Amino acid sequence: MKKGDLLYTGKAKSVYTTDQADRLILHFRNDTSAFDGAKLAKLDRKGEMNNRINTFIMGHLESAGIATHFIERISAVDSVVKRLDMIKVECVVRNIVAGSLSKRLGIEEGFDLDQPVFEFFLKDDALHDPFINDSHIRAFSWASDAEIDAMRTLTLQVNDILKPLFANAGILLVDFKLEFGRDGDQLALGDEFTPDGCRLWDAKTRNKLDKDRFRRDLGDVVEAYEEVARRLGVPLQD
Ligand code: ADP
Ligand code: UDP
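This text gives an overview of the structure that appears in the document. It should be emphasised that the depicted structure is a prediction, and the values quoted were computed from it without experimental measurement.

Quick notes on the rules
Residues numbered from 1 in each chain as written. Chains lettered and ligands numbered in written order. Predicted model: local features only at pLDDT ≥ 70, side-chain atom pairs only at ≥ 80, totals over all residues. Heavy atoms only, no water. Pairing = 2+ DSSP bridges. Helix = DSSP H or I, 4+ residues; strand = E, 2+ residues; numbered from the N terminus. Contact = heavy atoms within 4.5 Å. Axes fitted to C-alpha atoms, helices over the stretch in contact; angles between N-to-C directions. Core = buried A, V, L, I, M, F, W, Y, C linked by side-chain atoms within 4.5 Å. Buried < 20%, exposed > 50% of the residue type's maximum accessible area, 1.4 Å probe, protein only. Parallel < 35°, antiparallel > 145°, perpendicular 65-115°, else oblique. Left-handed = near helix turned anticlockwise from the far one by under 90°. Nonpolar A, V, L, I, M, F, W, Y, C, P; charged D, E, K, R; others polar. Near = heavy atom within 4 Å. Polar contact = N/O pair within 3.5 Å; in protein donor to acceptor, adjacent residues only side chain to side chain. Areas by Shrake-Rupley, 256 points an atom, 1.4 Å probe, with all protein chains shown as cover. 1 Å grid on protein atoms, 1.4 Å probe; cavity = no way out; pocket = protein on both sides within 12 Å on 5 of 7 lines; lining within 4 Å. Sits in = over half its atoms within 2 Å of the grid points. Points joined across faces, edges and corners; volume = space filled by probe spheres on them. Salt bridge = Lys/Arg side-chain N within 4 Å of Asp/Glu carboxyl O.

1. Thoughts on the sheet that holds strand β9 (residues 89-96)
Turning to step 1, where the next piece is worked out: Pairing within the open sheet is antiparallel, and its five strands lie in the order β11-β10-β9-β12-β15. The sheet is open, and its two edges are formed by β11 (131-132) and β15 (198-202), each paired on a single side.
Turning to step 2, where the next piece is worked out: Lying on the sheet, helix α4 (residues 145-167) is in contact with β9, β10 (112-122), β12 (171-178) and β15; it crosses β12 at an angle near 155 degrees.

This is how it looks when you write it as structure tokens:
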């Protein structure tokens, strides 16, 4: 697989074409951002750690029956994926109140939800990823009814699959964000699942093991990601 042209530079990954039209390479950089790009840093080894964690989680989801774009990890910081026509909404599931839900509803961070909460956001940094609902997605034709249903169902399924995976590693899956794209007439899970896009708390101490360490200047960001990888049994060497 040959790396072709740079297609897109995101906040944390660069996306390259390849010699196959339906394949892309995701290059995981050390760049870290928060608050829609307002806070930036480079964190040594973050790209490599996220590429390893993402490979492990995508593989686990595939084996549990979720269609993903993931094909293979080809270097410390690169993975090959199926090219998708990405849907510009972010799908969030929450098991414990944190982050924007806590602010929006004035509910204390750490409140355990009896049932998961599902939310859509528009993927648009300039607008600070506003909270939206099904009706906006339909009215502006960002996705069809069937796609809206599929995104919600698949995101909740991913939660059912990953909650026990993390629980067995002594970690609470607090919340996470997924992005989906079209692969022909099917939806597939795209982008990444890493501590950059979810909240993970130590089950005993509720210490943060995710990007909130960066957002809130808690330090040891990549060390926490490495701890997550170690507990999950993600291979840390080739
Ligand atoms: P952002 O765009 O939010 O800054 P990243 O730095 O992670 O995020 O950039 C990766 C970009 O690649 C995202 O815009 C994501 O939607 C897109 N992407 C992820 N997977 C695929 C895929 N399989 N096909 C096409 N685009 C993808
Ligand atoms: N999230 C993300 N990208 C975004 C927005 C949110 O990966 O652009 C993740 C975030 O890391 C958390 C979950 O989605 O795990 C819910 O985020 P929230 O709405 O609480 O927003 P935040 O306050 O973290 O910006």
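Having put the structure on the table, let's press on.
2. Brief notes about the nonpolar core
Turning to step 1, where the next piece is worked out: Within the largest apolar cluster, 49 residues are counted, with the highest numbers of intra-cluster contacts made by I57, F120, M151, L162, F166 and F193.
Turning to step 2, where the next piece is worked out: In contact with F120, not counting residues within four places along its chain, are V89, E90, C91, P130, F131, I132, N133, D134, I137, I148, M151 and R152.
Turning to step 3, where the next piece is worked out: With five residues, the next largest nonpolar core counts V15, L24, F28 and V81 among its residues.

3. Some details on the sheet that holds strand β7 (residues 78-82)
The pairing of strands in a sheet comes from backbone hydrogen bonds and takes either a parallel or an antiparallel form.
Turning to step 1, where the next piece is worked out: One open sheet accounts for five strands, arranged β1-β2-β3-β7-β6; its pairing is antiparallel. Pairing within the sheet leaves two strands with one partner each, and these edge strands are β1 (3-9) and β6 (70-73). Averaged over neighbouring strand pairs, the angle between their axes works out to 30 degrees when direction is ignored.
Turning to step 2, where the next piece is worked out: By the bridge criterion, three bridges tie β6 to β7 in an arrangement that is antiparallel. Within β7, the residue paired with F70 across the bridge is V81.

4. Notes on unusual backbone geometry
Turning to step 1, where the next piece is worked out: Here the phi dihedral of D129 falls at roughly 45 degrees; this positive angle occurs in a residue that is not glycine.
Turning to step 2, where the next piece is worked out: Relative to the helices and strands, D129 is located in the loop between β10 and β11.
Turning to step 3, where the next piece is worked out: If you check the backbone angles, D217 has positive phi at about 55 degrees while not being a glycine.
Turning to step 4, where the next piece is worked out: The topology assignment puts D217 in the loop between α5 (212-215) and α6 (221-232).

5. Digging into the packing of helix α1 (residues 46-63) against α6
Turning to step 1, where the next piece is worked out: Closest axis-to-axis distance for the α1/α6 pair is 10 Å, and the angle between their directions is 30 degrees. Comparing the axis directions of α1 and α6 gives the class roughly parallel. Note on packing geometry: the crossing formed by α1 with α6 is left-handed. Residues K46, M49, N50, I53, F56 and I57 of α1 touch α6, and the partners they reach there are V222, Y225, E226, A229 and L232.
Turning to step 2, where the next piece is worked out: Among the residues making up the contact of α1 with α6, the classes are represented as eight nonpolar, one polar and two charged.

6. A closer look at the site of ligand 2
Turning to step 1, where the next piece is worked out: In the vicinity of ligand 2 lie 15 residues, with R94, S100, D129, D175 and R199 positioned nearest.
Turning to step 2, where the next piece is worked out: At 2.5 Å from an oxygen atom of ligand 2 is found a side-chain nitrogen or oxygen belonging to S100.
Turning to step 3, where the next piece is worked out: Taking R215, its side chain carries an N or O atom lying 2.9 Å from an oxygen atom of ligand 2.
Turning to step 4, where the next piece is worked out: Within the complex, the protein chains bury 80% of what would otherwise be the 500 Å² of accessible surface of ligand 2.
Turning to step 5, where the next piece is worked out: At a threshold of 2 Å from the grid points, most atoms of ligand 2 map onto the largest pocket.
Turning to step 6, where the next piece is worked out: Those elements giving two or more residues to the shell around ligand 2 turn out to be β9, α2 (99-105), β12 and β15.
Turning to step 7, where the next piece is worked out: Per-element tally for the shell around ligand 2: the top contributor is β9, with three residues.
Turning to step 8, where the next piece is worked out: Split by residue class, the shell around ligand 2 holds four nonpolar, three polar and eight charged.

7. Concerning the layout of surface pockets
Turning to step 1, where the next piece is worked out: In this structure, the largest pocket occupies an estimated 1600 Å³ of space.
Turning to step 2, where the next piece is worked out: Residue classes in the lining of the largest pocket are distributed as 16 nonpolar, 10 polar and 24 charged.

8. Overview of the pattern of salt bridges
Turning to step 1, where the next piece is worked out: Considering all chains together, one arrives at 34 salt bridges under this definition.
Turning to step 2, where the next piece is worked out: One salt bridge in this structure joins R94 and E119, with 2.9 Å as the shortest N-O distance. You can see R94 sitting in strand β9 and its partner E119 sitting in strand β10, a full 25 residues away along the chain. There is no split in this pair, since R94 and E119 are both buried.
Turning to step 3, where the next piece is worked out: Between E179 and K123 there is a salt bridge whose closest N-O contact spans 3.3 Å. Of this pair, E179 sits in the loop between β12 and β13 (180-183) while K123 sits in the loop between β10 and β11; the two residues are 56 residues apart in sequence, bridging distant segments of the chain.
Turning to step 4, where the next piece is worked out: By relative accessible area, which is 4% here, E179 ends up buried.
Turning to step 5, where the next piece is worked out: Shared partners join several salt bridges into a network, and the residues in it are R94, R104, E109, E119, D175, R199, K208, D212, R215 and R216.

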